[in-house]
Amino acid sequence: MGTVVDAQNMKYGRKVIVVFVLGGPGSGKGTQCANIVQHFGYTHLSAGDLLRAEIKSGSENGTMIQSMIKEGKIVPSEITVKLLQQAMQESGNDKFLIDGFPRNEENRETFESVTGIAPEFVLFFDCPEEEMEKRLLSRKQGREDDNMETIRKRFKVYMESSLPVVEYYSSKGNVRKIDAVKQVDAVFEDVKAIFNSTIEKVAPYEDFPTSLNTKMP
Ligand code: UDP
Ligand code: MG
């Protein structure tokens, strides 16, 4: 598959914007991404959801992916990156929230080298483990990995492999940290403030069609 963008994230003369949405399991990434989609017109790509869809589609990798998710392990990068790249190409959009990815350094390196895209910033949901555990055990979405045994493994992988990715971007000044323990609406106020300042930077209001200007705060 061809690379869609060059080093400046350019695609057909337009800038592709990718925001990585990171945070522990149950920190509220998916919930807040749905809000961001509504308000700011991004396409939400959850790496976990893409992997679960891949299992359902009966793909040859399905069984392997399923057992890795059950164990809280990180699926090989080339599989996840391919799914993300396909979804980006199919969307027709040029603004993406990539939720729950990259989960380790290898994920990050593979994404950057395969797509040539560097994230605009990382939206990081900071939440204590006991709050995340409570949310995971009460969300009842029928997920095979929302049980105490797998949750423990996911937390361990998160601490050991995923937090270093946040630290990497943090050292580049590219992380916007959110206090994710608050109520959904209060968290979204903080998220909105971050995206509003980014929109100003990327596309000033006067560049939007008049019909959209009225909706801008
Ligand atoms: N997963 C993965 N690579 C990814 C994203 C998810 O291997 O880039 C797997 C991993 O096993 C993880 C599971 O999918 O534990 C569930 O991820 P999801 O992001 O859906 O969970 P959340 O953190 O949102 O609860
Ligand atoms: Mg999720």
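The shown structure was predicted, so the numbers you read here are calculated from the model rather than taken from an experiment.

## As for the site of ligand 1
Within the structure, ligand 1 sits among 22 residues, and Lys29, Arg52, Lys73, Val75 and Arg154 are positioned closest to it. Lys73 is positioned such that a nitrogen or oxygen atom in its backbone is 2.6 Å from an oxygen atom of ligand 1. At 3.5 Å, a backbone N or O of Gly100 approaches an oxygen atom of ligand 1. Taking 530 Å² as the accessible area of ligand 1 by itself, protein coverage stands at 96%. Going through the elements one at a time, α2 (47–56) and α3 (62–70) are the ones with two or more residues in the shell around ligand 1. Of the residues belonging to the shell around ligand 1, the class tally is 8 nonpolar, 6 polar and 8 charged.

## Description of the nonpolar core
In this structure, Leu123 and Phe195 are the most contacted members of the largest nonpolar core, which totals 46 residues. Not counting residues up to four positions away in its chain, the partners in contact with Phe195 are Val19, Ile36, Phe40, Tyr42, Leu97, Phe121 and Leu123. Counting residues in hydrophobic clusters, the runner-up holds 7 residues, among them Leu51, Ile65, Ile69 and Val75.

## Observations regarding the environment of Lys140
When you line up the elements, Lys140 lands in the loop between α6 (129–138) and α7 (148–171). When its relative accessible area of 68% is taken as the criterion, Lys140 is described as exposed. A polar contact of 2.9 Å, which involves the side chain of Lys140, links it to the backbone oxygen of Leu137.

## Describing the UniProt feature "binding site: ATP" (unreviewed entry) in the chain
The feature "binding site: ATP" (unreviewed entry), as annotated in UniProt, sits at Gly26, Ser27, Gly28, Lys29, Gly30, Thr31, Arg139 and Lys182 in this numbering. In this fold, Gly26 is placed in the loop between β3 (17–23) and α1 (29–40). Residues in contact with Gly26, not counting those within four places in the same chain, are Met132, Arg135 and Leu136. Mapped onto the fold, Arg139 is located in the loop between α6 and α7. Not counting residues within four places of it along the chain, the set of residues in contact with Arg139 comprises Asp146 and Arg154.

Calculation notes
- Residues numbered from 1 in each chain as written.
- Chains lettered and ligands numbered in written order.
- Predicted model: local features only at pLDDT ≥ 70, side-chain atom pairs only at ≥ 80, totals over all residues.
- Heavy atoms only, no water.
- Near = heavy atom within 4 Å.
- Polar contact = N/O pair within 3.5 Å; in protein donor to acceptor, adjacent residues only side chain to side chain.
- Areas by Shrake-Rupley, 256 points an atom, 1.4 Å probe, with all protein chains shown as cover.
- Helix = DSSP H or I, 4+ residues; strand = E, 2+ residues; numbered from the N terminus.
- Nonpolar A, V, L, I, M, F, W, Y, C, P; charged D, E, K, R; others polar.
- Core = buried A, V, L, I, M, F, W, Y, C linked by side-chain atoms within 4.5 Å.
- Buried < 20%, exposed > 50% of the residue type's maximum accessible area, 1.4 Å probe, protein only.
- Contact = heavy atoms within 4.5 Å.
- UniProt positions renumbered as here; feature names shortened; annotations may be inferred.

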